[in-house]
Amino acid sequence: MKIYEKAPAKINLMLDVLHKRPDGFHEVEMVMTMVDLADRLEMSALPRDTIIISSQAGYIPLDEKNLAFQAARLIKERYNVRSGVYIHLDKHIPVAAGLAGGSSDAAATLRGLNRLWNLGISNEELCSLGAELGSDVPFCVTGGTALATGRGEVLTPLDNPPQCWAILAKLPINVSTAEVYGKFRVDRVKQHPSAKGMIQAISRQSFGEVCQELGNVLEGVTFQLHPEVQQLKETMGRLGADGVLMSGSGPTVFGLVSKEAKVARIYNGLRGFCKEVYAVRLLT
Ligand code: ATP
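Residues numbered from 1 in each chain as written. Predicted model: local features only at pLDDT ≥ 70, side-chain atom pairs only at ≥ 80, totals over all residues. Heavy atoms only, no water.

### Structural notes on the UniProt feature "binding site: ATP" (unreviewed entry) in the chain
Thought 1: Under the UniProt annotation, "binding site: ATP" (unreviewed entry) lies at Pro-94, Val-95, Ala-96, Ala-97, Gly-98, Leu-99, Ala-100, Gly-101, Gly-102, Ser-103 and Ser-104.
Thought 2: Tracing the sequence through the fold places Ala-97 in the loop between strand 4 (84–90) and helix 2 (101–116).
Thought 3: Excluding residues within four positions of it along the chain, Ala-97 makes contact with Lys-170, Ser-247, Gly-250, Pro-251 and Thr-252.
Thought 4: Position of Gly-101 among the secondary structure elements: in helix 2.
Thought 5: What makes Gly-101 buried here is its relative accessible area of 8%.
Thought 6: Not counting residues up to four positions away in its chain, the partners in contact with Gly-101 are Asp-39, Lys-91 and Ile-93. (UniProt positions renumbered as here; feature names shortened; annotations may be inferred. Helix = DSSP H or I, 4+ residues; strand = E, 2+ residues; numbered from the N terminus. Contact = heavy atoms within 4.5 Å. Buried < 20%, exposed > 50% of the residue type's maximum accessible area, 1.4 Å probe, protein only.)

### Remarks on the site of the ligand
Thought 1: Near the ligand, the surroundings consist of 20 residues, among which Lys-91, Ala-96, Ala-100, Gly-102 and Asp-105 are the closest.
Thought 2: A distance of 2.9 Å is found between a nitrogen atom of the ligand and a side-chain nitrogen or oxygen belonging to Lys-91.
Thought 3: Isolated, the ligand exposes 620 Å² of accessible area, and the fraction of that covered by the protein chains is 79%.
Thought 4: No other element matches helix 2, which puts four residues into the shell around the ligand.
Thought 5: For the shell around the ligand, the residue count by class is nine nonpolar, six polar and five charged. (Near = heavy atom within 4 Å. Polar contact = N/O pair within 3.5 Å; in protein donor to acceptor, adjacent residues only side chain to side chain. Areas by Shrake-Rupley, 256 points an atom, 1.4 Å probe, with all protein chains shown as cover. Nonpolar A, V, L, I, M, F, W, Y, C, P; charged D, E, K, R; others polar.)

### Re the UniProt feature "domain: GHMP kinase C-terminal" (unreviewed entry) in the chain
Thought 1: Under the present numbering, the feature "domain: GHMP kinase C-terminal" (unreviewed entry) in UniProt falls on residues 198–274.
Thought 2: As a span, residues 198–274 carries 57% helix and 14% strand, and end to end its C-alpha atoms are 29 Å apart.

So this is what it looks like as structure tokens:
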């Protein structure tokens with residue numbers, strides 16, 4: 001028997017860091033939503049007690065460093081599953097991009113193995129298993145649109161934002177989330193984005209207000225490390241995107257666009273100097 005799961009990428013419509021906690025994590029407020037750019041996972045049961053990961057992507061670990069492997073190991077241990085699983089990851093989400101590709105693969109593995117092994121695990125329990133693997137995993141388990149607080153694992157579901165296009169562009173540079181958070185200083189933030197403002201914009205279904213409320217306090221750190229990411233953001237704005245923001249700790253920059261007629265022009269304009277560009281819909 002084979003199980004298939006889609007693992008979509010997330011974007012942050014707003015990301016604020018409130019303070020560093022005594023446990024070393026940062027207290028955050030994020031509004032996150034999913035976009036129609038996804039990895040595809042195929043899972044099949046193995047009689048032997050083993051976890052095997054394969055992928056067509058040559059640049060991700062296939063051993064216990066892979067988050068899908070860690071998710072499978074966790075669920076096997078916690079629910080005493082003696083059989084094994086073969087997981088093939090068909091990667092489409094750029095890696096280390098601020099799009100939670102690894103977290104979404106882990107979440108899809110939890111959902112898929114729950115079905116494959118008929119474990120009957122509730123969504124809440126899948127989320128708390130996910131929180132053991134990474135702060136973004138619980139959101140990737142539930143999907144949709146949500147306010148994430150705590151270290152990102154406390155979720156309040158929200159309505160989906162008004163439908164629009166998201167143009168994602170990723171420069172060929174690696175950004176380490178740990179390094180960005182390590183260099184972040186809350187006292188250097190000039191203006192905090194407002195979770196309340198973004199939630200209101202979404203509940204009013206106002207595309208214009210959603211664009212106005214976009215904000216990410218990590219931009220300052222990543223732009224200082226990689227000024228070309230800031231240039232990419234400015235270019236996307238000049239090309240006519242209605243709102244532009246860096247996702248997560250970067251380096252992916254996304255532009256929201258309401259009119260389909262503008263999408264091709266922005267996409268083609270970006271392709272001139274950025275190889276990885278995607279024009280996708282929000283997953284609503
Ligand atoms: P986040 O937005 O949650 O910080 P990200 O999009 O910045 O995530 P990922 O694509 O999840 O970053 O990759 C981060 C690291 O995780 C990479 O260095 C990669 O080697 C490792 N990794 C482990 N498992 C996976 C996976 N299934 N897919 C992609 N990367 C993975």
